[in-house]
Amino acid sequence: MKDQRSRRDFIKSAALGAAGLALTSSAASYARILGANDRVRVGIVGFSDRAKDALIPAFLQHAKELNFDLVAVSDIWNRRREEGAAFIGEQRARAGLPPLDIFRARNNDELYDRKEVDAVIIATADFQHALHGVEAVRAGRDAYIEKPLANTMEDARAILRAVEETRRIVQIGTQRRSGSNYMRANEFIRSGKFGPIVMVEMTWNVNQPGRWRRPNLVQAIRREDTDWDRFVLNRKENGRKPTWDPRKYIEFRLFWPYSSGIPDQWMVHQIDTVHWFTGLSRPRSVVANGGIYMWRDGRTNFDTMTAVFDYGPFDDPSKGFQVVYSSRQTNSAGGTKEIYYSNAGTLNLDTNKVSPEGGLEERYARPMGMKPNLLPEMSLVEERQAARAETAANTGADSLTSAHMRNWMECVRSRRTPNADIHAGYNHSVALCMTIAALHTGKRVTFDDGKQEVVTG
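Residues numbered from 1 in each chain as written. Predicted model: local features only at pLDDT ≥ 70, side-chain atom pairs only at ≥ 80, totals over all residues. Heavy atoms only, no water.

1. A look at the pattern of salt bridges
Counted by the stated rule, this structure contains 35 salt bridges. Residue Arg-114 pairs with Glu-116 through a salt bridge whose shortest N-O separation is 2.7 Å. On the basis of relative accessibility, which here comes to 29%, the residue Arg-114 falls in the partly exposed class. Among the residues examined, Glu-116 registers a relative accessible area of 31% and is labelled partly exposed. Among the charged side chains, a network of salt bridges with common partners joins Arg-213, Arg-247, Glu-251, Asp-297 and Arg-299. (Salt bridge = Lys/Arg side-chain N within 4 Å of Asp/Glu carboxyl O. Buried < 20%, exposed > 50% of the residue type's maximum accessible area, 1.4 Å probe, protein only.)

2. Some words on the packing of aromatic side chains
Counting across every chain of the model gives 18 aromatic pairs. Summarising the aromatic geometry, the rings of Phe-59 and Phe-68 are spaced 6.0 Å apart at their centres and angled 75° between planes, so their arrangement reads as edge-to-face. By relative accessible area, Phe-68 is classed as buried at 1%. Judged by centre distance (5.2 Å) and plane angle (50°), the ring pair of Phe-277 and Tyr-340 falls under tilted. Taken together, the positions of Phe-277 in helix α12 (residues 262–278) and Tyr-340 in strand β11 (residues 336–342) put the pair 63 residues apart, joining distant regions of the chain. Judged on exposure class, the residue Phe-277 and its partner Tyr-340 are both buried. Among the aromatic residues, ring-to-ring pairing joins Trp-77, Phe-127, Trp-228, Phe-231, Trp-244, Tyr-249 and Tyr-258 into one connected group. Geometry around Phe-314 places Arg-282 over its ring, the cationic atom sitting 4.1 Å from the centre. (Phe/Tyr/Trp six-rings, centres within 6.5 Å; stacked < 30°, edge-to-face > 60°. Helix = DSSP H or I, 4+ residues; strand = E, 2+ residues; numbered from the N terminus. Lys NZ or Arg CZ within 6 Å of the ring centre and 35° of its normal.)

3. Overview of the pairing of strand β10 (residues 321–328)
Sheet analysis places strand β7 (residues 197–205) next to β10, joined by 7 bridges and oriented parallel. Looking at β10, one finds that Thr-203 is bridged to Ser-326. (Pairing = 2+ DSSP bridges.)

4. Some words on the environment of Ala-51
Its place among the elements puts Ala-51 in helix α3 (residues 49–66). Residues Ala-51 and Ala-123, spaced 72 residues apart in sequence, show a C-alpha to C-alpha distance of 5.9 Å. Every residue in contact with Ala-51, bar those within four places of it in the chain, is listed here: Ile-44, Gly-46, Ile-56, Pro-57 and Ala-123. (Contact = heavy atoms within 4.5 Å.)

5. Observations regarding the confidence of the model for the protein chain
On average, residues of the protein chain carry a pLDDT of 91, and 89% of them reach 70 or more. Predicted confidence is poor over residues 389–395, with pLDDT under 50, and the contacts of this stretch with residues over four places away or in other chains come to 7 contacts. (pLDDT = per-residue confidence, 0-100.)

6. Some points on the packing of α12 against helix α16 (residues 422–441)
It is at 9 Å that the axes of α12 and α16 come closest, and there the two elements cross at 125°. Of the possible angle classes, the one that applies to α12 and α16 is oblique. Considering only the axes of α12 and α16, their crossing is right-handed. On α16, the residues that touch Pro-263, Asp-264, Met-267, Val-268, Ile-271, Asp-272 and His-275 of α12 are Ala-424, Asn-427, His-428, Ala-431, Leu-432, Thr-435, Ile-436 and Leu-439. (Axes fitted to C-alpha atoms, helices over the stretch in contact; angles between N-to-C directions. Parallel < 35°, antiparallel > 145°, perpendicular 65-115°, else oblique. Left-handed = near helix turned anticlockwise from the far one by under 90°.)

Here is the structure:
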């Protein structure tokens, strides 16, 4: 398939484009591989809500068993630096790790000057993930990078190239790829027993006026307590360097170009499963629309959106299926759902059930000289898996994040490819950038595999 070859050629050329650097980085990389009995020392890049509520607890669930430790925190805001160090100290004690003076780095340069930091967990703002990932791997560190990997193609290409050249172990935070129910769904669909996918419906609905709002922190932060220039990185507004804005610093998810909001935060999780289950690297096209229909609080990102994706072989438009993704922050009916449809029935990742619902019944098949096509009932979750999930949730991290973090930690030691590798992250970034372009322009969006760039209109 021409488009897929173009994509492979791009990745190959990106890796070969700096062959000397790649060889040097590779030698340095292998020099840093730890022995089986060596402790792996990890730093947190960005003490965010996600780091506090899920990533640090998930890491510490496995740290003692796998001989990992959490030794440093890097945050450009002095308040979060101190809060992060205190929190890590408390959580280390609960995990049975000995007392330690957590190193507080004012920025990532200071963090990577510390030789005792072997790897990092990156939990910064959406638009920072890719460039902070580039910093980490170029500094010789393995990295767990929260999603979205990148919301511009420039940043997506930069992190792909950096990981390909340095060969660091990088896990992207699309944790569904480490969930046993999603693994069983993937196996079932790829086995052919489900039949060709004909449609996928995805929703993510909440009714939370305070979602992504932090008014108390907005009031508390002062420019002199942080580093605004480091925060904005390569972002510009109307072609100019942005001026200080505490809302954009704290509530970045509400404002482009720092985040696209719903697509950055939620859509990438679900669209990533489409790529995984089908082996397709990106949509063939995207159309989308949305608006701010309720929460007119100064945000620029939509509170409601719908995107329609066309997926299928790039060289055969007669084959494929449609994905409809809808999300609203104004009414929670419908909740979060991922439903895959074939002619024979339904795979529902909300109920974790495969069923004949909607399949071709005999009364409709017989008049057309066809046979009925109905899937058998099947569960994607075993009772013991449900029990483990409940246990993980009770320790402060959901079971998917816990399993995903453990997979990364094991791969750091074994040097194997993690479940959500850099290519999975790059692919969801392509789908994300196509969606953002469709939302911003109202036009049908495609992708140029030769240039690795979004095409609008």
